[in-house]
Amino acid sequence: MSVTDLTTQAGWMAALAIAALVFAGWRKNARAVPRTPRAEPKVLRPRVPIGIAEATVPLYKRPNIFRRIWAAAASLGIAVVMGAVFAIIVAFSAAYIVITLTDLLKS
């Protein structure tokens, strides 16, 4: 199998996948939308007002400096760990793809 054949097959698969997504979007919704009445309802129920309770709340108090520093350090640590994991996944994926494609070219 040549690279041109592989590229052609991949192009066909992408085109068929896009066509399937387009056709899947034209189907009817699973849940019916309720019809809204155009005229006023025949039976009007009396509207009862809803009581609102007013209560005082304490004012916003900013967290102290140590808590803000701890939050910033924890966020930085999580970002570094997640970045390292993402970089490892991308590197292994790229290496696998390169190895697989070079093996295909050799055969």
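Higher on the page you've got the structure.
Structure report, in brief. Computed from a prediction, not measured in an experiment: that's the story for all the values here.

Calculation criteria
Residues numbered from 1 in each chain as written. Predicted model: local features only at pLDDT ≥ 70, side-chain atom pairs only at ≥ 80, totals over all residues. Heavy atoms only, no water. Helix = DSSP H or I, 4+ residues; strand = E, 2+ residues; numbered from the N terminus. Buried < 20%, exposed > 50% of the residue type's maximum accessible area, 1.4 Å probe, protein only. Patch = residues over 30% accessible without salt bridge, like charges linked within 9 Å, V, L, I, M, F, W, Y side chains within 5 Å. Areas by Shrake-Rupley, 256 points an atom, 1.4 Å probe, with all protein chains shown as cover. Salt bridge = Lys/Arg side-chain N within 4 Å of Asp/Glu carboxyl O.

The number of helices and strands found in the protein chain is two helices and zero strands. For the protein chain, buried positions account for 0% of its 107 residues.

Moving on: a nonpolar patch on the surface. Taken together, Met1, Leu6, Tyr96, Ile97, Leu101 and Leu104 make up a surface patch of nonpolar side chains, about 670 Å² in accessible area. The leading source of residues in the nonpolar patch is helix H2 (residues 65–106), at four residues. Assignment of secondary structure puts Leu6 in helix H1 (residues 3–25). Judged by relative accessible area, which is 37%, Leu6 ranks as partly exposed.

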